[in-house]
Amino acid sequence: MSMGRNMSGAQAMADQVKPKDVVDELIAFTRDDMESVNEMLLARVGSRVEMVPEVASYLIDAGGKRLRPMLTVAAARLFTPQNTHHINYAAAVEFMHTATLLHDDVVDESSKRRGKLAARMVWGNAASVLVGDFLLGQAFMMMVETRDVDALGVLSQAAAIIAEGEVFQLSKANDLTTQVDEYFAVIKAKTAALFEAATEVGAMAGGATEAQRKALKQYGAELGIAFQIVDDVLDYGGVSGTIGKNVGDDLREGKMTLPILHALQNANQADCDFIKAHLGDAEASAEAVSRVVEILHNTNALEDALKRAREHADVAKTHLKEFADHPGGRILIDVADYCVERAY
């Protein structure tokens, strides 16, 4: 594959949508409500047990974009919320996401999260799991306070699906028989389910009709799929193939992601054997990861994965046609593009 041609194409796509501008627009659109969300997060992270706020705040304050709760707020703001239920739901979504990160790092034995030591490396695995459980409990309390059983059902179902997806992914680790449809089953559960729930409950809180609620739900589901595919591409340095911190963690953890599946289907036997030899090797060297990245480029695995991400992002946008003239609708449409462009 020609890296020169690839990068020129990537630059052209990046020029169409400027990722930072899109994020800034989403932040500006949701700012007032997100201030209330952040206040709720700070209030609910408190505990008589000193370690609980220490562990929870360590990750919550680690610099994540809080995309999921912003999507909840943005979805609600497409309408005219009659109460503050969307604040509760957005905070609950963030706590659910944070809990899964704490649990994932234990399951994956990760040492880093958002550029610094994972909580498990500071406080241990047990504390990470238990604080994650605490955050899930707080999330459900915030949902219950709205007395909206339908919304509680949406987020409760998402929590169960996410856990199921994580278990399924664990069962497929290092499984060379993994099929592409099984990969999609994993990411629909472990990632897309929360995006889907986040936008659906936002629409519900805003007073959407049944059809509008369904449209926002489908938008979130497709966006979540695109987002996770791109995350899996970024684990190998994105299209640029830049080898930096934590690149190759999915390889070391034996995760059968779309780039790896594509490469195993299209690489020559020697390259397939090389990938298989290092898949699940927690001590795989930077040189070995670099060679795997080279194989991914040679087989167009990263580009092919991004094409699939682009397809899902484009489908996500079709569900927002009704809102194309609304400032928030335009931002959410651009967010779908941003989710793909960040890989370049």
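This report concerns the structure included in the present document. (Residues numbered from 1 in each chain as written. Predicted model: local features only at pLDDT ≥ 70, side-chain atom pairs only at ≥ 80, totals over all residues. Heavy atoms only, no water.)

### Digging into a nonpolar patch on the surface
Moving on, step 1. Residues Leu-117, Met-121 and Val-122 make up a contiguous nonpolar surface patch of about 250 Å² in total accessible area.
Moving on, step 2. Relative to the helices and strands, Leu-117 resides in strand E2 (residues 116–117).
Moving on, step 3. Taking relative accessible area as the criterion, Leu-117 reaches 40% and is therefore assigned partly exposed. (Patch = residues over 30% accessible without salt bridge, like charges linked within 9 Å, V, L, I, M, F, W, Y side chains within 5 Å. Areas by Shrake-Rupley, 256 points an atom, 1.4 Å probe, with all protein chains shown as cover. Salt bridge = Lys/Arg side-chain N within 4 Å of Asp/Glu carboxyl O. Helix = DSSP H or I, 4+ residues; strand = E, 2+ residues; numbered from the N terminus. Buried < 20%, exposed > 50% of the residue type's maximum accessible area, 1.4 Å probe, protein only.)

### Description of the nonpolar core
Buried together is how nonpolar side chains tend to be arranged in soluble globular proteins.
Moving on, step 1. Grouped together as the largest cluster of nonpolar side chains are 102 residues, with contacts concentrated most on Leu-216, Tyr-219, Ile-229, Ile-260 and Val-335.
Moving on, step 2. Not counting residues within four places of it along the chain, the set of residues in contact with Ile-229 comprises Tyr-183, Phe-184, Ile-187, Leu-258, Ala-305, Arg-308, Ala-309 and His-312. (Core = buried A, V, L, I, M, F, W, Y, C linked by side-chain atoms within 4.5 Å. Contact = heavy atoms within 4.5 Å.)

### Comments concerning unusual backbone geometry
Excluding glycine, most residues fall at negative phi; most peptide bonds, likewise, are trans.
Moving on, step 1. Positive phi, normally seen in glycine, also occurs at Arg-147, with a value near 60°.
Moving on, step 2. In this structure, Asn-174 is a non-glycine residue whose phi angle is positive, near 65°.
Moving on, step 3. When you line up the elements, Asn-174 lands in the loop between helix H8 (149–172) and helix H9 (180–206).

### Focus on the packing of aromatic side chains
Moving on, step 1. Taken as a whole and assessed by the stated rule, the structure comprises four aromatic pairs.
Moving on, step 2. A centroid spacing of 5.6 Å and a plane angle of 85° characterise the contact between Phe-79 and Phe-323, whose relative ring orientation is edge-to-face. Within this pair, whereas Phe-79 is found in the loop between helix H4 (67–76) and helix H5 (85–108), its partner Phe-323 is found in the loop between helix H15 (301–318) and helix H16 (327–341), the two being separated by 244 residues in sequence. Here Phe-79 and Phe-323 have matching classes, each one buried. (Phe/Tyr/Trp six-rings, centres within 6.5 Å; stacked < 30°, edge-to-face > 60°.)

### Topic: the pattern of salt bridges
Moving on, step 1. Per the stated rule, a full pass over the model turns up 20 salt bridges.
Moving on, step 2. The partner of Glu-94 in a salt bridge is Arg-66, and the shortest N-O contact between them spans 3.8 Å. With a gap of 28 residues between them, Glu-94 in helix H5 and Arg-66 in the loop between helix H3 (51–60) and H4 connect regions that are remote in the sequence.
Moving on, step 3. In this structure Glu-94 comes out as buried when scored by relative accessible area, which is 2%.
Moving on, step 4. With its nearest N and O atoms 2.5 Å apart, the salt bridge here joins Arg-310 to Glu-341. Placement of Arg-310 in helix H15 and of Glu-341 in helix H16 is noted, with a sequence separation of 31 residues between them.

### Observations concerning the environment of Asp-148
Moving on, step 1. Here Asp-148 lies in the loop between helix H7 (125–144) and H8.
Moving on, step 2. Here Asp-148 falls in the partly exposed class, since its relative accessible area comes to 23%.
Moving on, step 3. Distance from Asp-148 to Asp-24, taken between C-alpha atoms, is 31 Å for residues 124 residues apart in sequence.
Moving on, step 4. Side-chain polar atoms of Asp-148 contact the backbone nitrogen of Asp-150, separated by 3.1 Å. (Polar contact = N/O pair within 3.5 Å; in protein donor to acceptor, adjacent residues only side chain to side chain.)

### Details of the packing of helix H10 (residues 210–234) against H15
How two helices pack is summed up by the angle between their axes together with the distance between the axes.
Moving on, step 1. Contact geometry for H10 and H15: axes closest at 8 Å, N-to-C directions at 165°. Relative to H15, the element H10 is oriented roughly antiparallel. Once H10 is placed against H15, the crossing between them reads as left-handed. Residue-level contacts link Tyr-219, Glu-222, Leu-223, Ile-225, Ala-226, Ile-229, Val-230 and Val-233 of H10 to Leu-302, Ala-305, Leu-306, Arg-308, Ala-309, His-312, Ala-313, Val-315 and Ala-316 of H15.
Moving on, step 2. The residue inventory of the contact of H10 with H15, partitioned by class, reads 14 nonpolar, one polar and two charged. (Axes fitted to C-alpha atoms, helices over the stretch in contact; angles between N-to-C directions. Parallel < 35°, antiparallel > 145°, perpendicular 65-115°, else oblique. Left-handed = near helix turned anticlockwise from the far one by under 90°. Nonpolar A, V, L, I, M, F, W, Y, C, P; charged D, E, K, R; others polar.)

The analysis is restricted to geometry; functional conclusions fall outside its scope.
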